[in-house]
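Fold and geometry: a report
The primary structure of each chain is shown beneath.
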Amino acid sequence: LGQSAWALRECSEALRGNKDLVLRAVRGDGFALKYASCELRDDPEVVLAAVRNDGYALQYASDELRGNVEVVNAAVERHPWALQFAAKELKGDRS
């Protein structure tokens with residue numbers, strides 16, 4: 001499972017909420033965050049692991065974590081274009 005987001009996609013809802021399993025998946029493929037439970041997409045440890053693997057995984061993080069400086073910095077270090085998924089306040093958007 002550690003290498004494939006698609007494998008997590010095929011898992012039951014219960015397994016998508018299993019933190020250890022999801023951590024293994026996102027460490028192998030950050031895109032797997034898309035298929036994690038809502039609770040785990042709001043878990044800083046899980047989201048950091050995902051964005052450190054693939055910055056674009058930021059788009060699947062909870063709104064709260066898309067506003068977290070540490071999470072956004074980790075995502076942007078990996079892929080500068082991931083900034084587009086950050087909360088408005090972190091992009092300097094004053095509108």
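1. Concerning the overall build of the chain
Looking only at helices and strands, one finds five helices and zero strands in the chain. Tracing the chain from N to C terminus, the helices and strands come up as α-α-α-α-α. The C-alpha atoms of the chain give 13 Å as radius of gyration, which agrees with the globular expectation for 95 residues (12 Å, within 12%). When the 95 residues of the chain are sorted by exposure, 41% land in the buried category. Total accessible area on the chain stands at roughly 5,400 Å², and carbon and sulfur atoms take up 47% of it. Where the 13 positive side-chain charges of the chain centre and where its 15 negative ones centre are 4 Å apart.

2. Here we look at the nonpolar core
In a soluble, globular protein the nonpolar side chains are often hidden away together inside. Leu8, Val26, Leu33, Val51 and Leu58 are the most contacted members of the largest nonpolar core, which totals 31 residues. Those elements that place two or more of their residues in this core are α1 (5-9), α3 (19-28), α4 (44-53) and α5 (69-78). Top element by residues in this core is α4. It accounts for six residues. Ignoring any residue separated from it by four or fewer positions in sequence, one finds Val26 in contact with Ala32, Leu33, Val46, Ala49, Ala50 and Asn53.

3. Concerning the state of the cysteines
Counted according to the given criterion, the structure contains zero disulfides. Considering cysteine sulfurs only, Cys38 is the nearest to Cys11, which forms no disulfide, with 16 Å between them. What makes Cys11 buried here is its relative accessible area of 18%.

4. Looking at the packing of α4 against α5
Between α4 and α5, the shortest axis-to-axis distance is 7 Å and the interhelical angle comes to 15°. Regarding the angle of α4 to α5, the classification is roughly parallel. Considering the relative orientation of α4 and α5, their crossing is right-handed. Across the interface between the two elements, Val47, Leu48, Val51, Arg52 and Asn53 from α4 touch Glu70, Val71, Ala74, Ala75 and Arg78 from α5. Across the contact of α4 with α5, the residue classes tally to six nonpolar, one polar and three charged.

5. With respect to the packing of α3 against α4
Interhelical geometry of α3 versus α4 gives an angle of 15° and a closest axis separation of 7 Å. Put simply, α3 runs roughly parallel to α4. The handedness of the crossing between α3 and α4 comes out as left-handed. Residue-level inspection shows Lys19, Val22, Leu23, Val26, Arg27 and Gly28 of α3 in contact with α4, the latter providing Glu45, Val46, Ala49, Ala50 and Asn53. Across the contact of α3 with α4, the residue classes tally to six nonpolar, two polar and three charged.

The rules behind each value
Chains are numbered independently. Their residues run from 1 in the order of the written sequence. Residues qualify for local features only when their pLDDT is at least 70, as the model is predicted, and side-chain atom pairs are given and counted only at 80 or more; totals for whole chains, interfaces and linings, by contrast, use all residues. Excluded from the side-chain calculations are hydrogens and water; all other atoms, namely the structure's heavy atoms, are used. The helix and strand labels rest on DSSP assignments: H or I over at least four residues marks a helix, E over at least two residues marks a strand, and numbering proceeds from the N terminus. Using C-alpha atoms as the atom set, the radius of gyration is obtained and then compared with a globule rule of 2.2 Å times the number of residues to the power 0.38. To sort residues, take the accessible area from a 1.4 Å probe on protein chains only and compare it with the maximum for the residue type: under 20% means buried, over 50% means exposed, and anything in between is partly exposed. Exposure was quantified through the Shrake-Rupley algorithm and a 1.4 Å probe, taking into account, for residues, occlusion by the shown protein chains and nothing else. The positive count covers Lys and Arg only, the negative count covers Asp and Glu only, and His and the chain ends enter neither. Positions of charges follow a simple convention, taking NZ of Lys, CZ of Arg, CG of Asp or CD of Glu. Only buried Ala, Val, Leu, Ile, Met, Phe, Trp, Tyr and Cys residues count toward a nonpolar core, and they belong to the same one when joined by side-chain atoms within 4.5 Å. The criterion used for residue contact is that any of the two residues' heavy atoms lie within 4.5 Å. In this description, the term disulfide denotes a pair of cysteine sulfurs within 2.5 Å. Only the stretch in contact is used when a helix axis is fitted, and all axes are lines through C-alpha atoms; the angle between N-to-C directions ranges over 0 to 180 degrees. An angle counts as roughly parallel when it lies under 35 degrees, as roughly antiparallel when it exceeds 145, as roughly perpendicular when it falls between 65 and 115, and as oblique in every other case. Crossing handedness is read from the near helix: turned anticlockwise from the far helix by less than a right angle, it gives a left-handed crossing, and turned clockwise, a right-handed one. Throughout this entry, Asp, Glu, Lys and Arg are counted as charged residues, while Ala, Val, Leu, Ile, Met, Phe, Trp, Tyr, Cys and Pro are counted as nonpolar. The remaining residues, Gly among them, count as polar.

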